[in-house]
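Secondary and tertiary structure notes
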Amino acid sequence: MLLMTQDQGELDSLVRKRIRALRVAQGWSLDELATRAQLSPSTLSRIETGRRRLALDQLVTLARALDTSLDQLVETATDDVISSPMIDAAHQLMRWPIRADPGMTVVRQRMTNPPPDSPSRMRAHPGREWLVVLSGTAVLLLGNRRFRVETNQAAEFPTMLPHAIGAEGGPCEILGIFDRDARRSHQRGESSADASRPAP
């Protein structure tokens, strides 16, 4: 069965380039991927260079060997390239979902307050976080340690360690990436903070 689509020529070329790019990214030679996919090296070479038709059964085998799915191997570009943030003015932050992984969220936040001075105000929860400081200097409290994170520096940590973050010496802006567990915990924390915040 042959791979047939409306834009066969473009998709055909894209899939061939993707197979080669994934192979190279793994550091595999033609022989290595051919062995993993149970193909001959000459067959794989002809697939990559366009001298052999793309057969669906071979694509399934190649996708498995490259540790991806058939859907991802033949995925085409979509119109959903640009997304606008959800703005949370109360917490001075913006959120963007990551379409390819709905469990992940990107957050941009402006901080003006220093980190809490009481260990009881540090939080621990399931998940992982990664953040980069876009401007200013942030202070990350992590367990019993204190880290200064300056502009263009990044931090990554498991959130089961008690942690808190704040600004040092003026406002700072951070961009963070949260997995599903970390995002849920932060949203619950924000809701609690809103409930305890006095009315303006």
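Small disclaimer: the values here were computed from a predicted structure and weren't measured.

Turning to unusual backbone geometry, a few remarks are in order. Of note, Asp67 is a non-glycine position whose phi angle comes to about 60°, a positive value. Its place among the elements puts Asp67 in the loop between α4 (56-65) and α5 (70-73). Since its relative accessible area comes to 70%, Asp67 is described here as exposed. A positive phi is found at Asn152, a non-glycine position, where the angle reads about 75°.

Attention now goes to helix α2 (residues 30-37). For α2, the complete set of buried residues consists of Leu33, Ala34 and Ala37. Buried residues of α2 fall within an arc of 100° about the axis and therefore sit on the same side. In α2, the exposed positions angled more than 90 degrees off the buried face are occupied by Thr35 and Arg36. Once α2 finishes, Gln38 follows within two positions and takes phi at roughly 55°, a positive value.

Taken together, the 5 bridges between strand β2 (residues 93-97) and strand β3 (residues 105-111) define a ladder with antiparallel strand orientation. Paired with Met94 across the two strands is Arg108, which belongs to β3. Two elements, β3 and strand β7 (residues 163-178), share 7 bridges in a ladder whose sense is antiparallel. What sits directly across from Val107, in β7, is Gly176.

Let's shift gears to the nonpolar core. Counting 18 residues, the largest nonpolar core has Val15, Ile19, Leu33, Leu59 and Leu62 as its most contacted members. Broken down by secondary-structure element, the contributors of at least two residues to this core are α1 (8-25), α2, α3 (41-49) and α4. A total of 4 residues in this core trace back to one element, the largest contributor, which is α4. In this view, Ile19 contacts Leu33, Leu44, Ile47, Glu48, Leu59, Leu62, Leu66 and Leu73; residues no more than four positions away in its chain are not counted. Counting residues in each nonpolar core, the second largest holds 12 residues, with Met111, Leu140, Val149 and Ala155 among its members.

A word on the packing of α2 against α3. In contact at an axis separation of 8 Å, α2 and α3 are set at 105° when each is read in the N-to-C sense. One element, α2, and the other, α3, form an angle in the roughly perpendicular class. Residues Leu30, Asp31, Leu33 and Ala34 of α2 form the contact with α3, whose own contacting residues are Pro41, Leu44, Ser45 and Glu48. Of the residues that constitute the contact of α2 with α3, the class distribution is 5 nonpolar, 1 polar and 2 charged.

The tally for this structure, following the rule as stated, stands at 6 salt bridges. As a salt-bridge pair, Arg108 and Glu173 come within 3.0 Å of each other at their nearest N and O atoms. Within this pair, whereas Arg108 is found in strand β3, its partner Glu173 is found in strand β7, the two being separated by 65 residues in sequence. On the accessibility criterion, Arg108 (30% relative accessible area) is partly exposed. The closest approach of N and O atoms between Glu168 and Arg148, which form a salt bridge, is 2.6 Å. Placement of Glu168 in strand β7 and of Arg148 in strand β5 (residues 145-150) is noted, with a sequence separation of 20 residues between them. You can call Arg148 partly exposed: its relative accessible area is 45%. Residues joined by salt bridges that share partners form a network here, namely Arg148, Glu150 and Glu168.

On to the packing of α2 against α4. At a minimum axis distance of 8 Å, the contact between α2 and α4 shows a crossing angle of 110°. Here α2 is positioned roughly perpendicular relative to α4, judged by the angle of their axes. By crossing handedness, the relation of α2 to α4 is classed as right-handed. Between α2 and α4, the residues in contact are Leu33, Arg36 and Ala37 and Thr61, Leu62 and Ala65, respectively.

Rules and cut-offs
- Residues numbered from 1 in each chain as written.
- Predicted model: local features only at pLDDT ≥ 70, side-chain atom pairs only at ≥ 80, totals over all residues.
- Heavy atoms only, no water.
- Helix = DSSP H or I, 4+ residues; strand = E, 2+ residues; numbered from the N terminus.
- Buried < 20%, exposed > 50% of the residue type's maximum accessible area, 1.4 Å probe, protein only.
- Arc of directions from axis to C-beta.
- Pairing = 2+ DSSP bridges.
- Core = buried A, V, L, I, M, F, W, Y, C linked by side-chain atoms within 4.5 Å.
- Contact = heavy atoms within 4.5 Å.
- Axes fitted to C-alpha atoms, helices over the stretch in contact; angles between N-to-C directions.
- Parallel < 35°, antiparallel > 145°, perpendicular 65-115°, else oblique.
- Nonpolar A, V, L, I, M, F, W, Y, C, P; charged D, E, K, R; others polar.
- Salt bridge = Lys/Arg side-chain N within 4 Å of Asp/Glu carboxyl O.
- Left-handed = near helix turned anticlockwise from the far one by under 90°.

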